[in-house]
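# Chains, contacts and geometry: an overview
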Amino acid sequence: MKDNKLIVAHLYMLAASVMWGLMAPLGKDAMSHGISGLEMICFRVSGAAICFWVTSWVLRLKGEPSEKEVLTKKDYLQLLGAALFAIIFNQCNYIIGLSITSPLNASIMTTTMPIFTMIMAFFILREPITWMKFGGVILGACGAATLILASAKGAIGGGVLKGDLMCIAAQCSYSIYLTAFKGVIQKFSAVTCMKWMMTFATFIVLPFATPQLLETDWSAISTTTWMDTLFVVFCGTFCAFLLSVNAQKVLRPTIVAMYNYMQPIVSCTVSVLIGIGVLGWSHPIAIALIFTGVYLVNKSRAKGSESKS
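What you see is a predicted model; the values in this text were computed from it and never measured.

Rules behind the numbers
Residues numbered from 1 in each chain as written. Predicted model: local features only at pLDDT ≥ 70, side-chain atom pairs only at ≥ 80, totals over all residues. Heavy atoms only, no water. Phe/Tyr/Trp six-rings, centres within 6.5 Å; stacked < 30°, edge-to-face > 60°. Helix = DSSP H or I, 4+ residues; strand = E, 2+ residues; numbered from the N terminus. pLDDT = per-residue confidence, 0-100. Contact = heavy atoms within 4.5 Å. Buried < 20%, exposed > 50% of the residue type's maximum accessible area, 1.4 Å probe, protein only. Salt bridge = Lys/Arg side-chain N within 4 Å of Asp/Glu carboxyl O. Expected span 1.5 Å × (residues − 1). Core = buried A, V, L, I, M, F, W, Y, C linked by side-chain atoms within 4.5 Å. Polar contact = N/O pair within 3.5 Å; in protein donor to acceptor, adjacent residues only side chain to side chain. Disulfide = S-S within 2.5 Å.

## Examining the packing of aromatic side chains
- If you walk through the whole model with that rule in mind, you get 13 aromatic pairs.
- A ring pair is formed by Phe-85 and Phe-181, whose centres lie 6.0 Å apart and whose planes are at 35°; its orientation type is tilted. Placement of Phe-85 in helix 3 (residues 73-100) and of Phe-181 in the loop between helix 7 (161-180) and helix 8 (182-187) is noted, with a sequence separation of 96 residues between them.
- Here the aromatic rings of Phe-122 and Phe-123 are separated by 5.1 Å at their centres, their planes lie at 80°, and the arrangement is edge-to-face.
- An aromatic cluster of at least three residues, connected via ring pairs, comprises Trp-53, Tyr-76, Trp-196 and Phe-200.

Pasting the structure below:
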């Protein structure tokens, strides 16, 4: 039974990572044709909130006990904190960063998350950092630095230093969420957690996005742009978060973060195929360094740190 849960959890994370990988080029395409970064964030959180509330309502009608969970004031505060780090800080940095840099750079930056998660696990979960983990951090940092320096010189197609740094900040924020809020995520069902997290995020983002939403000429937005946006909202947000939160209940934070290496593979392939990205010489070098760093970080596991779920 435990092995089956692990297999399902890994499949959930694989599917979520593929959808997140596709979200980078499709989201970039939408934001290049009429949808601003702030509007995209608003669509993501509000659209996902509606989807999660509808799902919760359907499950409640079916008599699912998980959708009748009672939350305390402390639980709401923890879910608010989780919303800030997993959605607000993470998505504001990532989406706005993606809007000003290339989808290739943005997706490669996501592979730094396992490294940040390892560091956060040391401070928050008290997991020791071995020499192998330290070596992985150094290699991963070199990979990120290679990409950032190339972007600063304009050597990578569409790369912008500020955008790359914002994408890195997004990974750091999500790493805090994976480690600091693991307890509350395991306590409640995925739908319960996400409907409140997305609701909190909506109320935070909406006041900032409203002026742009009112000024935008929506009639000028093409059907293709709307389809890209729909994918970002439904697949890249609702489905991906639903799957990842369920997987997070079984897998350790570093293993969850490890699946980020799938995103640049998917995103880079799609970006080049649809002609909105250019594969430069720095990309394979950065990918090799970061992947090696991620491998070392996840290969070096602290004794007894495996999930007991």
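Once you've had a look at it, read on.
## Quick word on the confidence of the model for the protein
- Taken residue by residue, the protein gives an average pLDDT of 82. The fraction at 70 or more is 83%.
- Across the protein, the secondary-structure element scoring lowest on mean pLDDT is helix 12 (residues 262-273), at 66, and the one scoring highest is helix 9 (residues 190-215), at 95.
- In this model, residues 302-309 is a region of pLDDT below 50 whose contacts with residues beyond four sequence positions or in other chains number 13 contacts.

## Considerations on the side chain of Ser-175
- Within the element layout of this structure, Ser-175 appears in helix 7.
- On the basis of relative accessibility, which here comes to 0%, the residue Ser-175 falls in the buried class.
- Residues in contact with Ser-175, not counting those within four places in the same chain, are Met-113, Phe-116, Thr-117 and Met-120.

## A closer look at the pattern of salt bridges
- Counted according to the given criterion, the structure contains one salt bridge.
- For Lys-187, the salt bridge is made with Asp-75, and the minimal N-O distance between the two is 3.0 Å. Taken together, the positions of Lys-187 in helix 8 and Asp-75 in helix 3 put the pair 112 residues apart, joining distant regions of the chain.
- According to the relative accessible area criterion, Asp-75 is buried, its value standing at 2%.

## Overview of helix 2 (residues 37-61)
- Between its terminal C-alpha atoms helix 2 stretches 36 Å, which fits the 36 Å expected from 25 residues at 1.5 Å a residue.
- Directly beyond the C-terminal end of helix 2, a positive phi value near 85° is found at Gly-63.

## Re the nonpolar core
- Formed by 68 residues in total, the largest nonpolar core has its most connected members in Tyr-94, Tyr-177, Met-197 and Met-198.
- The leading source of residues in this core is helix 9, at ten residues.

## Considerations on the environment of Asn-246
- Mapped onto the fold, Asn-246 is located in helix 10 (residues 223-248).
- Overall, the relative accessible area of 29% leaves Asn-246 in the partly exposed class.
- Put simply, Asn-246 and Tyr-12 are 234 residues apart on the chain and 7.6 Å apart in space, counted from C-alpha to C-alpha.
- Of the polar contacts made by the side chain of Asn-246, one reaches the backbone oxygen of Leu-242; its length is 3.0 Å.

## A few points about the state of the cysteines
- Applying the stated criterion to the full structure yields zero disulfides.
- Cysteine Cys-235 remains unbridged, with the sulfur of Cys-239 as its closest cysteine sulfur at 5.1 Å.

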